[in-house]
Amino acid sequence: MSDASFLSSTRADPTTSVAGEEAAAGAVTTARSATAELYRTNLLRLETTELLSESTLHLSPFSGELDREVKWSDDVRRYVETVRLAIESMDATALGPDTAAMPMAVSDDNQTAKKRYWVDLDSDKFRKHVSGSESARWCFPFPGGKGLQIEPIGQYGAGGAGMTNQRGNALCLPMVDVAVLVPSHANVEEEGMIGGKDYLNGRYFDKQNILAIHIAKLLSQKKHRKKIGTVHASIERSDLRRIALILTPPLPEDLSESNAGDEGRSKKRRKGNNDDLSRKDGKKKGKTKKKTRFRVRLVLGMQGNPVAGNFWFPRARIFPDRCNNRVGPSSDRNSPDQSPTPTYTNALARDLHHVSTARTVHAMSKACGAFNEALVLAKIWCLQRGFLRGHDTFDTTSLSVLLVYLYRTKKAGTRMGPIQVFTILMKFIAETDWLGEGDTIDAATATLGGDNEAGARTMGTGDTIRYAPSEGYQGLAVFSAGNGSLKAAIVLPELGLSEAKTIDHCAQGELYHSDLQKNGFDKSHPKTLLDCYKAHVSGPVFLDSTMTLNYFGSISPSFIRELQGEARKAIRSLHLHSDEPSGATSPFRQLLMEGCRFWRRYDAYIHIDLNNIRRYVGTSNVSAQKGAVYDMCAICGANDVGTYESISRSVIKVLRMALGDRVTAIRALTFGNGETDLMQGNNLMLETDQVPSIPIRGASMEEMKSWGVDGDPQSRPVQSPVADGINRRDTLVLGLRINPQTCHRIIDRGPQANDKEAMASFIALWGKEKAELRRFKDGAIVHAVLWNTDVSNTPQGYIKFSGDEKMGGVVERIIRHVINLHFVVPTRQEKSLLVAFGLRNMMSLIEGVSIASNSSSKTSGVDSTAMHKDIMAAFDSLTVFLRRNSIAVPVISGSKETRSKLGLPLAVEAVEPVSPSLRYSELFPPEAQPLLGDGKKKGGGSRVPGVTTGSPIVIQLRLEGNSKWPTDVKAISAAKCALLIQLAEGIETMKRNGSSECWAFNGPIHVTPTYIDLGYRGYSWRIMIRADQEIKLLSSLRKPSAEALELRTILTKRHVASVMHHSMIHSVHTQHPSAGSTVRLAMRWIHAHMLTGLLPQEAIEILVGKVFVDSQPLDPPATPISGFLRFLRLIASHDWVREPLIFDPQGRIGAEDYARINADFVALRGAGNHSGPPMFLITPDCLRSSEGQVIGVGGSVSQVEHVLPTFTRVNPELVVLSRVVALAKRTEQFLLRLLIKGEAIGPPGENLWASVFHESTASLKSYSVLLRVDPQFVVDPDCSSTGGNISVKGADVDLKTPFTRSIMRRSAGPKSLRRYTYKNVVSSADALLHGWRPIDNIVDSLRTKFGSSAIFFYNGMAPDIIAVLWRPTAFSPISFTAMHSKHKRPLEDDWQEDGLVACNSYDIVREVCNVANDAIQDVKILDERCVKVTRSSESKILAMKRKVREDQVNDAGSITSSGEGSNNEEDD
C-alpha cells in the first residue's frame, strides 16, 4: 500500500482518534526518513569506494604480497636495493663537524669568517669544537657501511598500508621511507660511532646529522649519480633539529646511458660525426616523456629491539621527568637549566622503534582488509586540513598506529567498513580529553549553546565572569594548562592483551616504580609512569606497549585542540539527520574533497619577525621575576623542543592566556599547508608540503648561503622550518580564528584585591603600565585593562579604523601589546615591533580612521556603521510620521467625517525598506545634506551641494486592504500615481500649516507615475506604493500576453522579492557583524573592474551570505578580509554550468524543494549545458506558486512552476560571468600570495594589494572601444579603475582613508553644482536635484539601445571610462531587409538586391557619442570590425548567400506546412 492510500484509509475510519492519525503520520515520516538515510548512506559508500579505488597505491617491499601492485613496483624495489648496496660500500673513516661543513666559498670573505654547515649542530661537543682550541676538536670513528642496516619503514615498510598516489597525496609524489640503522654500544670506545653518553646534550643528533651528510655526499658522487639520481638534504618532519635525505631516482631513459656512451658521443662530436646526434633526436621524437613516480626518504635510526629491552643507553633516562639536554637556552653556564626534556628524550626513543612500529602496522593491515581503506580516508581527511606531514602534526606512522589502537581495544571491529572505522576514529579523537581541559570545553559549550559552532570550538570560558557586554574577567589558569589528573593517556595494548594488562606487565613501568622507591621522592611526585607522562608532557600522550615511546610526543597542545575541533565538525557532517535537506553539502564533499588548509581556515594572520624575538625562551630568562607569567604557564625551553618550537609554543601559550575567549583557535604555520593553486614555482622538490630542501650537489651559491648554518650557535638566526621559495622564512606565522561574539569586549577586569597570587599574575601578564586600578559601576576597585584608548595612527605604521572592535581590532591590539611586552629583545623594546593582521589596510576602502575624542580632526572619524545607523534612525522616524498621519481622524471634534492629515484615503499599514543603505550594504552610505533638512545651520557664505550624487533611499508603502481597488491594470497604476500626488500635497499642506512634525522635510518633492522623491532629515528618499491587487490581477489572467508576463515579473521583483531579500540579508548581517563590510568590499571590487550594473548587488549579497551561512567545512568568517577571500573563492570554484547555488539562511527550503530546484535546473540547462541563466542563484523567494506567492514550509511541489533565479535571470550574461570568475580566481591567488609573504602593512604610501582594485593596461586592451568621459562628471576620482589613489593620506592627527575622501567628495558634489547659503537669505531648496548620476543614465540608455550588439562596461563609482565589447554575433552576415537595415553595411562594394549585410561599428560608435552628447571627451577604437571584399572572400560570400536563401526557403516551407495543418484541423 502506498503512503497516500495509507493516509486516506486511516482518515476514512471514523473511529480513528487524533492520536492515531499523528502516529500514522509519524510512521510515514519515519519511513521516509529511513529511506532518505539509506540513500545518503549508500551514496556516501559509493563515493568513498570510488575515491579509494582512484587514490590507493598498491606498493609493498615484499614482492607478490599484494594482488594489484602498480606496474613500477619492481622499479621501487630495485632502486631501494641499489641505494642499499651503495651505502654498504662506504669505507670506514673518521667523521666530525668538518664533514658537514660547506665549501669555504659560501662563507663571507673576511678575516673573521667562520665555516657554514649543511646541518644545525648544537651539542656541547660541537660548541667546544668551534671554540678554536686544538685539544677540543671533535671527531668520532665510522666503521663503514657494512655495519649499517637498511630497512623499509613507514607506510612502505608496513606493506604499503595507507599509501596513496599523487592525486590522493595532496599532489605530492609518493614517498618511500627507508631507515639507515646505525649500530650502538654501551661503551663507544669498543667499536661503532654511537654509545656511551651520546644521549646527552645533543651529541647523538649531531652524530646522526653528520653521518647523514656523509652518506649524501657519497650518493651524490659521479659513480652513483646515474643510478641514484639527485640527493637533497631536508628537515626531518618529527624533529626540526634533524635532517633526512630525499632521493629522486633518475628518469628511465637516463638509466640506459652509461659513461662510455657519453665518452663515445663526445669523440664523435670532435670528429665531426653527427650520426649519433641525429639518431638521438630521432629516438626522442618517438618516445613519450617519462615522469618521476616516487621518491625515497632516508631516515637515520638506531639498531636495537625495544620490545626485548635492548637499549644502548640506560632505560631510566627515557623517563619523561629526566633532563638529557643541558645546553642551548641557558644564559648561565654555571647553573644550566635542569628542566625535564620529554620531547628531546622521546626523539631518542623514536629511533629505536622505526622497524617495530612498521611491523605492528603491517600485521594489522594483513589481518583486516578495511584497515588500509580507513587509513587512506583518514590520511586524505588530514591532508585536506594540513594535519599530516608537518613538524607539529600527525605523521603517517602515528595516524596508522592510532587506528591499530582502536582495533586492539575493540573500539573498531574487523567486520566494520572503512566509513564506520573512520567515524569511530573521529569520535575517539573528539571525545578523548587529551589535555585535561574537559571541564573548560564543557563549560564553554554550555555558555554559548551546546550545538553552537562557536561554543564547540571555543578555547574555554569556564572561569569567565561577565559584568557587561563590553567587559569580563577570565581566570588565567584556565588558559595556562590543563588538569593533569583529568588528562587522558592511552597505551597501545600488546597483541592478545588488554590495555590495563599491558600497563601492569610493562617492564618500563616496574623500573619507574623501583626507581621511585630507591630515590625516595616526595608525595607530590607521580606514583606511576603513566602519571609521570601526564605531568611532564604538555601535549597528548599515546604510548607504545613498552611505554618508552610517545607516538604523539612532537605534537603541541594547539594542534590537538584544532584537531578535536575539526573532528567534531566531521562527526556532525557524518551524522546529518535524515530530515535535513538533501541539497545541503554532502559529507563526502565536506570531509574529503574540500580543502581547508592553513591559509583558508583562519580569520586573521600575524607575521612576527623572529629576528626581533628573544633567542631563547625559558624559565631562566625570567628567574628574577617572581610570579611572572612565564613561571605560571611553564613555557617549554629550547633545550626540549628546539629554539623555533620554543618561541612558537611560548607565543601561542601566552597569547592564549591574554586573548581568552576572544579567539577560538591559535595555530602556527607548519609543513603540509601549501596551497595547490599557488604551487607554480620552479622548485620541484617543494611541492605542497613546503618542506625546505637543498641539493647536496649542484646547489647555487644563493641557495647554499640561505641554507647554511653558522658555526657559532649564539649568532645563528632563528628561522621557520616552512619553505618560502628557495629560502626559509624568518617569521613566525600565526593563524587566529576570532570569536565574533566576544572579540569586541574592550575591558578585561582583574581579580579581586584579596587574591594576591592571581592579581600578581594579572599584572605580570599585562604589565604595570597597562593594568591600571579602576573603579566600576558595581563598586569594585580592581586592576583592569582597557583596549579602546590605544590610538596611534601614522601613515607608515598602525592605523586604527572606525568600528574595528567587532572585526577583531581588540584582538589585534592585544597581540601587539603582549608580543612587544614579553617577547621582543630587551634592547629593541624602545622601538615597538609592528604586529598587524595581514591585508588589514584593505579596510581603508570601506572605513575611516578612528580618532580620539579629544582630537582636533573633524573629518577623519568617518564610521560607516554609524552612518548606516543614522539612516536607519531617519527611516524609523519617517515610518512613524507616515503611519501616524495616514490614519483617518475626525475633521472636527465630534464630527463623523474623518480624514487623515496627509489626505490619503487608505492608511499606511507598513513602510517596507528596500535600499541597501537600510541593511548595512551601501558602499558609500549618504551623508545628511543641508538642503534636505538635516537640521544643521551653515555659516554665511558656506557652499553646499546642489545635488545628491548617490541613489535615493528606496522604501515602499503597503496600504491597508480595501475592496474598492480598480479591476484594470492601467486603472490601478493611475490610482497609485494619484496616491503619490496626494502624499506630496499632504506633506506640503502640513508644512504650510506649520505642523511641528514636518520640520525635517526640506527640498523639492518630485512626483513620477511610479515613485516620489523627497528630502527628509537630510537624506533623499524614493517612496513607492505596493499594490498587491495589481500582482494578483496579473497572475489571474488565463492567457496573459508577453507584456503582462513581463509586467508581473517586474512588479513581483520590485515589490515582493526585494522586500523579502532585504529582510533575509538584513538578518544575515545582524547575525554576522562582518558580513555587511564584506558585501561593501566586494562591491568595491566589482565596481573597480567596471562591472557596474552587469552583476546585481543582490547577487553579491547572496554570494556573501552563502559564505557566512553555509561555510562548511570551514567556520563562518569573522573579519571582512577573510570573508572577501572566501567570496572570491566561492565565485572561482563553484561549477556554475552544472550546479545551482542555493542560499537558504532560515532553512525554509525542504528536501522536495531541493529536488525540484535541481530538476528544473537540469531541464533549463538543456543537453549541452548552454541554456538558462548563467548564474543560477536560488533563494526561498524564487519558489512561487501560480499566484506569485511564496510557498510556505511543507508546500506541495506540484504547486511550484519552473524555478528561476529572481535577481540573476537576465544578468550576468555568460561572457560577464566568465570574466568575473577569471578575475576572482586571479584576485584570490594574488591576495593569498601577499598574505603568505606577510604583506600586513606595505611601504609608506604604498599598498601592494591595491592592484586588485585597478584595471591593468592589458585588461583595457581586451575591450573593443574605450570612451573617455569628461572629468567634470567624475565626482570621486580616487575610485577610478585606472588610476585611483587608495592610499592613506594626511598628517598624523588628520589621516584620511580612501573611504573618507570619497565620502567627503560625494557629500560635496560636483563643483559646478555647488551653491552658497547665507544666514539672512532663505535658500531655494527646490533647485536641488535628487540622484544626480548622468553617466548611469547614459549607460542605461546605451544598454537598452545597443545591448544586442555590444556589452557596456563602466565603473559606477568613478565613471571616467566606458568600455565597449562587441558581441560575436553582431558581425554575423545576414540578408538585407529594410526592417533590419539600421547600422548595417554591405559586405560587397556594390549594393545588390540579394546582398549580405553586417553590423557597421562606426555607425554605432557615432550613435553612442550622439546619445552621450557632451559627456564623452575622447573615443579610442581598439577592435575595428571592417569587412572588406577580396578575391579569396568572394567564394565565401557566395556560399553565405546560398545558405541564407536555403534557410529562407526552409522557413517558408515550414510556415506553409503548418498553415496547411491548421486548415486540415479546422476541416476535421
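Residues numbered from 1 in each chain as written. Predicted model: local features only at pLDDT ≥ 70, side-chain atom pairs only at ≥ 80, totals over all residues. Heavy atoms only, no water.

**Considering helix α21 (residues 529-536)**
Taken residue by residue, α21 has Leu529, Leu530, Cys532, Tyr533 and Lys534 as its buried positions. Contacts made by the buried residues of α21 are with β13 (489-491), α19 (499-504), α20 (507-519) and β14 (541-543). (Buried < 20%, exposed > 50% of the residue type's maximum accessible area, 1.4 Å probe, protein only. Helix = DSSP H or I, 4+ residues; strand = E, 2+ residues; numbered from the N terminus. Contact = heavy atoms within 4.5 Å.)

**Side note on the pattern of salt bridges**
As enumerated under the stated definition, the model contains 63 salt bridges in all. Asp1276 is the partner of Arg1306 in a salt bridge, and the nearest nitrogen-oxygen pair spans 3.6 Å. Taken together, the residues span a long stretch of sequence, with Arg1306 in helix α41 (residues 1298-1308) and Asp1276 in the loop between β35 (1265-1269) and α41 at a distance of 30 residues. The class of Arg1306 is buried, set by a relative accessible area of 12%. Among the salt bridges present, the one from Lys1345 reaches Glu1407, with a minimum N-O distance of 2.8 Å. Remark: Glu1407 occurs in helix α43 (residues 1401-1412) and Lys1345 occurs in helix α42 (residues 1334-1346); sequence separation between them is 62 residues. Taking relative accessible area as the criterion, Lys1345 reaches 40% and is therefore assigned partly exposed. (Salt bridge = Lys/Arg side-chain N within 4 Å of Asp/Glu carboxyl O.)

**Let's talk about the nonpolar core**
Counting 160 residues, the largest nonpolar core has Ile87, Leu298, Phe1124, Phe1127, Leu1231, Trp1249 and Phe1253 as its most contacted members. If near-sequence neighbours (up to four positions away) are discounted, Phe1127 is found in contact with Ala1082, Trp1085, Ile1100, Leu1103, Val1104 and Val1107. Within the second largest apolar cluster, 60 residues are counted, among which are Trp381, Tyr407, Val421 and Leu492. (Core = buried A, V, L, I, M, F, W, Y, C linked by side-chain atoms within 4.5 Å.)

**Concerning the confidence of the model for the chain**
In the predicted model, the chain carries a mean pLDDT of 80, and the fraction of residues at 70 or more is 78%. pLDDT under 50 marks residues 329-335. Its contacts with residues more than four places away, or in other chains, come to ten contacts. A low-confidence stretch, residues 1427-1433 (pLDDT under 50), is modelled with eight contacts involving residues beyond four sequence positions or located in other chains. (pLDDT = per-residue confidence, 0-100.)

**Concerning the sheet that holds strand β31 (residues 1012-1016)**
The strand order across the open sheet formed by five strands is β27-β29-β32-β31-β30, and the pairing between neighbours is mixed. In this open sheet, the two strands that pair with only one neighbour each are β27 (908-913) and β30 (1006-1007). With five bridges connecting them, β27 and strand β29 (residues 953-959) associate as antiparallel partners. Considered in β29, the bridge of Val911 is made with Leu957. (Pairing = 2+ DSSP bridges.)

**Some words on unusual backbone geometry**
In this model, Gln1112 is joined to Pro1113 through a cis peptide bond whose omega is 5 degrees. Within the secondary structure, Pro1113 is located in the loop between α36 (1097-1109) and α37 (1120-1133). Look at the link from Asn1211 to Pro1212: it is a cis peptide, with omega at 0 degrees. Relative to the elements of secondary structure, Pro1212 occurs in the loop between β34 (1177-1178) and α39 (1214-1237). Located in the positive-phi region is Arg1017, a residue other than glycine, with phi close to 55 degrees. Relative to the helices and strands, Arg1017 resides in the loop between β31 and β32 (1019-1026). With a relative accessible area of 30%, Arg1017 lands in the partly exposed category. Of note, Asn1413 is a non-glycine position whose phi angle comes to about 60 degrees, a positive value.

**Regarding the packing of aromatic side chains**
Counting across every chain of the model gives 42 aromatic pairs. Both rings, one in Trp381 and one in Phe387, keep their centres 6.1 Å apart while their planes meet at 65 degrees; by these two values the pair is edge-to-face. The pair formed by Trp381 and Phe387 is uniform in burial state, with each residue classed as buried. For the ring pair Phe598 and Trp599, a centre distance of 5.1 Å and an interplane angle of 90 degrees mean the geometry is edge-to-face. Each member of the pair, Phe598 as well as Trp599, is classed as buried. (Phe/Tyr/Trp six-rings, centres within 6.5 Å; stacked < 30°, edge-to-face > 60°.)

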